[in-house]
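Breakdown of the fold
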Amino acid sequence: VTPRPTASATVAVTDTTQISATAATSVTATLPVTGTAAITATDTITDPVPMRLRIPAIDVDAAIEAVGQDRAGRMETPSLVDDVAWYAPGVAPGEIGNAVLAGHLDRIGGAPAVFWKLGKLAVGDDIFVTDSAGEELHFRVTGVESYPYDAAPLDDIFGFAIRSRLNLITCRGQ
């Protein structure tokens, strides 16, 4: 396995329970996609896909599910509260562009879920994503930001980027 250089990571904690994505509503892929996303499966992905997220600073060690968009065009959430969702119509972690991983903040009733401590991450904290080929990608937090529901900069989170970026998102709840 050839080591990749450390890429940057941005953590976006939003006041929303769903982020309305402006990316395409379909992807040409065969992926284990959850929910009722608008996905068109015509080709097989041969590149590795993200499978596991580790964030030692906040005790996260979670499986990653591939998701698309719901009928309203928003990024779907992970089906399990202890899993993380990867926005499969976008780029995979380690590729050039904004890779997006989302996790639940809490469970019904308020008990902590996978991203309960996301807001406690600090610049310099390490994030590791393991892909389906067994390669572990290393990211380092470069910023932590919070946005109101209707003011999240969706283009900055999901849009074009000239560098490899990893954006972790969750909601603050009600």
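These lines cover the structure that appears in this document, whether it is placed above or below. (Residues numbered from 1 in each chain as written. Predicted model: local features only at pLDDT ≥ 70, side-chain atom pairs only at ≥ 80, totals over all residues. Heavy atoms only, no water.)

Looking now at the overall build of the chain. Scanning the chain from N- to C-terminus turns up 1 helix and 8 strands. Counting from the amino terminus, helix and strand elements in the chain follow one another as β-β-β-β-β-β-β-α-β. When burial is assessed residue by residue, the chain has 46% of its 174 residues classed as buried. In the chain, of all internal contacts separated by at least 6 residues, the share reaching a separation of at least 24 is 64%. (Helix = DSSP H or I, 4+ residues; strand = E, 2+ residues; numbered from the N terminus. Buried < 20%, exposed > 50% of the residue type's maximum accessible area, 1.4 Å probe, protein only. Contact = heavy atoms within 4.5 Å.)

We now examine the environment of Leu166. With respect to the element layout, Leu166 can be found in strand β8 (residues 164-171). Spatially, the C-alpha atom of Leu166 lies 10.0 Å from that of Thr142, the residues being 24 residues apart in sequence.

Here strand β4 (residues 84-87) shows a buried face lined by Val84 and Trp86 and a second buried face lined by Ala85 and Tyr87. Inspection of the sheet shows strand β3 (residues 60-67) paired to β4 by 4 bridges, in the parallel sense. Pairing of Ile64 across the sheet is with Val84, part of β4. Sheet topology places β4 next to strand β5 (residues 97-103); 3 bridges connect them, and they run antiparallel. Bridge pairing in β5 places Val84 opposite Gly103. (Pairing = 2+ DSSP bridges.)

Next up on the list: the pairing of β5. Regular strands place side chains that alternate from one sheet face to the opposite one. In terms of burial, β5 is a largely internal element, 7 of the 7 residues being buried. When β5 meets β8, the two strands line up parallel, connected through 6 bridges. The partner of Ala99 across the bridge, within β8, is Leu166.

Both the distance between ring centres and the angle between the ring planes are used here to describe each pair of aromatic rings. Applying the stated rule across the entire model yields 1 aromatic pair. Measuring from centroid to centroid gives 5.2 Å for Tyr87 and Phe158, while their planes differ by 80 degrees, and the two rings are edge-to-face. With Tyr87 in strand β4 and Phe158 in helix α1 (residues 154-158), this residue pair connects regions lying 71 residues apart in the sequence. Residue Phe158 is classed as buried on the basis of its relative accessible area of 9%. (Phe/Tyr/Trp six-rings, centres within 6.5 Å; stacked < 30°, edge-to-face > 60°.)

Glancing now at the nonpolar core. Residues Leu53, Ile55, Leu101 and Leu168 are the most contacted members of the largest nonpolar core, which totals 26 residues. When residues of this core are traced back to their parent elements, those giving at least two are β2 (50-55), β3, β4, β5, β6 (126-131), β7 (136-147) and β8. Sorting elements by how many residues they give to this core places β3 first, with 4 residues. Met75, Ala85, Val100 and Phe158 belong to the second largest nonpolar core, which has 12 residues in total. (Core = buried A, V, L, I, M, F, W, Y, C linked by side-chain atoms within 4.5 Å.)

With that settled, consider the pattern of salt bridges. One pass over the structure, following the stated rule, counts 6 salt bridges. Two residues, Asp61 and Arg52, come together in a salt bridge whose shortest N-O distance is 2.6 Å. With relative accessibility at 35%, the residue Arg52 sits in the partly exposed group. Linking Arg107 and Asp82 is a salt bridge whose minimum nitrogen-to-oxygen distance equals 2.8 Å. Of the two residues, Arg107 sits in the loop between β5 and β6 while Asp82 sits in the loop between β3 and β4, which places them 25 residues apart along the sequence. Judged by its relative accessible area of 30%, Arg107 is partly exposed. (Salt bridge = Lys/Arg side-chain N within 4 Å of Asp/Glu carboxyl O.)

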